[in-house]
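# An overview of the molecular structure
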Amino acid sequence: MDTKVIYDDTVCLIQKASKSVKLSNALLEQLINVQKSLQVAITIRLDNGEVKTFKGLRIHHNLILGPGKGGIRFHEHVDTYEVTSLAMLMSLKNALLRLPFGGAKGGIAVNPSSLSKNELEKLTRAYVLQIHNFVGPSKDVPAPDMGTNAQTMAWFLDTYEKIKGYASPAAVTGKPLALGGIALRETATGKGVSFCIAYALKKLHQKEIKHATVAIQGFGNVGAATALYLSDKNAKIVAVSDVSGAVYKKDGINIKEAVDWVSQGKLLKDMQNIEHITNEQLLSLDVDVLVPAAIESVITKENMHNIQAKIIAEGANGALTNDAIDYIYKKGIFVIPDILCNAGGVVASYFEWVQCKQSFFWHEEEVERLFLEKMRSAFDRVSQVSLDYDIDMKNAAVIDAVLHIASSMKERGLFF
Ligand code: NAD
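Predicted model, so just to flag it, every value in this text is computed and none were measured.

In the neighbourhood of the ligand, 21 residues make up the surrounding shell, with Arg73, Thr189, Phe219, Val222 and Val243 lying closest. Within the side chain of Thr189, an N or O atom sits 2.7 Å from an oxygen atom of the ligand. Contact between the ligand and Phe219: an oxygen atom at 2.9 Å from a main-chain N or O atom of the residue. Taken by itself the ligand offers 830 Å² of open surface, and the protein chains cover 79% of this. Split by residue class, the shell around the ligand holds eight nonpolar, nine polar and four charged.

Right under this line is the structure:
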């Protein structure tokens, strides 16, 4: 994966949006530059006695709208380009959803599956020791991302509070329920993706989700939760995939069975009594909705001509490259862009943060009502910008976010 290409694509999206809204060069320069970044070396002793050093990052892209918000990724690909582009996307996503957060992201260059639980705990705690002055409930609020989970956040919070010497539950989100997390958080991204799909089908095609066919690439946190929500609404999910390949069933896959299979640590390629296809074949299936929910840059100029879906719901960040966006739009395929489609996680994180800050917890139904309201109003706003500017949804979402950040920058003025 070329992380520089992903970074260039993100900068290009911001530049294009800024041009569409005639933003001044002075504001554009602020938007494409990182406000602050911290790189740390994290040294731990492994279980076998070996001492190893890992590279860690935490990047504040733009904190105009509030404290930084964005996940922590544990993955071998983690580097400055990747984390910067993800922090930029977080600035845009938070602005689009009208959350009082700036954009941040962090990570450690490590393959988490190569470490034991004990080593992962040490690595997380040592990372917090290095970055604790860079984060905080009113400064920058981390959350889980690829390779991290609620357990990582529990270690993070525990270390942070011990260093500071006081309770600070709003310092991270995506925590276990027992530490002030919220029930919705773990499946919130999938809930947001499935809401956007149902809403788009109804708005564009007057179609109920139960009459739709769906293919989902990626069967992890986002893909599997999306599949479960959609299958609960009786959508026909004809294909799902993981890194090993895809399974296909014309009449619809039993999603609970597939979730059960992968939750035992098994790969989809080893599922029995089901047709097997490749990830590439999954992308070109003739379905109502295609959900790329695995990794970046899967719909590119090389395979964009094969796409037959009517709607693409970008569960993964940057699933479509910039080259593909224009072509897909002209072909009449409706794209629900990443910063809208997969915003459910950060919306739920926002409610968790608010609850922890005020030490008051709402009923789950109330959180759910507020969650859906946020997603719906952002969707409607992007649709309106798309009409106003006669532009595709992806660029429309960026335009809306850039306008929101820019208006805050203008109101604040310059310090010097
Ligand atoms: P995950 O690690 O839980 O799952 C990833 C899935 O994709 C797995 O099934 C894996 O086997 C599959 N996969 C990996 N490489 C693949 C490849 N080359 N081809 C096909 N499948 C492949 O990750 P996740 O949390 O579900 O995140 C998926 C995407 O969604 C990422 O781009 C992430 O940044 C984005 N995202 C996640 C969240 C969240 O709340 N988890 C929120 C916003 C955006």
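Right, let's get into the sheet that holds strand 8 (residues 245-248). Read across the open sheet, the seven strands follow the order 9-8-7-6-10-11-12; overall the sheet is mixed. Both outer strands of the open sheet, strand 9 (275-277) and strand 12 (334-336), are each paired with one neighbouring strand and no more. Pairs of neighbouring strands in the sheet enclose a mean axial angle of 20 degrees, with direction left out of account. With four bridges connecting them, strand 6 (residues 213-217) and strand 10 (residues 289-292) associate as parallel partners. Its bridge partner being in strand 10, Gln217 is matched across the sheet by Pro292.

Here we take up helix 4 (residues 117-131). For helix 4, with 15 residues, the first-to-last C-alpha span of 21 Å sits near the 21 Å given by 1.5 Å per residue. Those residues of helix 4 that sit buried are Glu119, Leu120, Leu123, Thr124, Ala126, Tyr127, Val128 and Ile131. Where helix 4 is buried, its residues contact strand 1 (36-45), strand 2 (51-62), strand 3 (68-75), strand 4 (102-109) and helix 5 (150-164).

Another aspect to go through is the state of the cysteines. Across all of its chains, the model carries zero disulfides by this definition. Here Cys196 is not cross-linked by a disulfide; its sulfur's nearest cysteine counterpart is in Cys341, at 5.0 Å.

Counting through the fold element by element, Ala171 comes out in the loop between helix 5 and helix 6 (188-205). Taking the relative accessible area as the measure of exposure, Ala171 reaches 2% and is therefore buried. As a C-alpha pair, Ala171 and Leu92 span 79 residues in sequence and 21 Å in three-dimensional space. When sequence neighbours within four positions are dropped, the list of residues in contact with Ala171 reads Pro137, Asp140, Val141, Pro142, Leu157 and Tyr160.

All chains considered together, the criterion is met by ten aromatic pairs. Between the aromatic rings of Tyr7 and Tyr81, the centroid separation amounts to 5.3 Å while the plane-to-plane angle is 45 degrees, which identifies the pairing as tilted. Of this pair, Tyr7 sits in helix 1 (residues 3-20) while Tyr81 sits in helix 3 (residues 80-96), placing them 74 residues apart in sequence. Given the relative accessible area of 19%, Tyr7 is considered buried. Judged by centre distance (5.3 Å) and plane angle (50 degrees), the ring pair of Tyr350 and Phe351 falls under tilted. An aromatic cluster of at least three residues, connected via ring pairs, comprises Phe101, Tyr350, Phe351, Trp353 and Trp362.

Our focus in this paragraph is the environment of Asp242. Structurally, the position occupied by Asp242 is in strand 7 (residues 236-242). Assessed through its relative accessible area of 12%, Asp242 is described here as buried. Only 2.9 Å separates the side chain of Asp242 from the backbone nitrogen of Leu268, close enough to count as a polar contact.

Moving on: the side chain of Asp288. Tracing the chain through its elements places Asp288 in the loop between helix 9 (279-283) and strand 10. Excluding residues within four positions of it along the chain, Asp288 makes contact with Lys207, His211, Ala212, Thr213, Ala309, Lys310 and Ile311.

Here we have five strands laid out as an open sheet, ordered 1-2-4-3-5, and mixed in their pairing. In the strand order of this sheet, the two ends are held by strand 1 and strand 5 (140-144), each with one partner. Neighbour-to-neighbour, the strand axes of this sheet turn through a mean angle of 20 degrees, independent of strand direction. Relative to strand 5, strand 3 is paired through five bridges, and the arrangement is parallel. In the sheet register, Ile72 faces strand 5, and the bridge partner there is Pro144. This element, helix 3, spans strand 2, strand 3 and strand 4 of the sheet and lies at about 150 degrees to strand 4.

What follows concerns unusual backbone geometry. Positive phi is not limited to glycine here, since Arg98 has a value of about 55 degrees. Note that Arg98 resides in the loop between helix 3 and strand 4.

Conventions used here
Residues numbered from 1 in each chain as written. Predicted model: local features only at pLDDT ≥ 70, side-chain atom pairs only at ≥ 80, totals over all residues. Heavy atoms only, no water. Near = heavy atom within 4 Å. Polar contact = N/O pair within 3.5 Å; in protein donor to acceptor, adjacent residues only side chain to side chain. Areas by Shrake-Rupley, 256 points an atom, 1.4 Å probe, with all protein chains shown as cover. Nonpolar A, V, L, I, M, F, W, Y, C, P; charged D, E, K, R; others polar. Pairing = 2+ DSSP bridges. Helix = DSSP H or I, 4+ residues; strand = E, 2+ residues; numbered from the N terminus. Axes fitted to C-alpha atoms, helices over the stretch in contact; angles between N-to-C directions. Expected span 1.5 Å × (residues − 1). Buried < 20%, exposed > 50% of the residue type's maximum accessible area, 1.4 Å probe, protein only. Contact = heavy atoms within 4.5 Å. Disulfide = S-S within 2.5 Å. Phe/Tyr/Trp six-rings, centres within 6.5 Å; stacked < 30°, edge-to-face > 60°.

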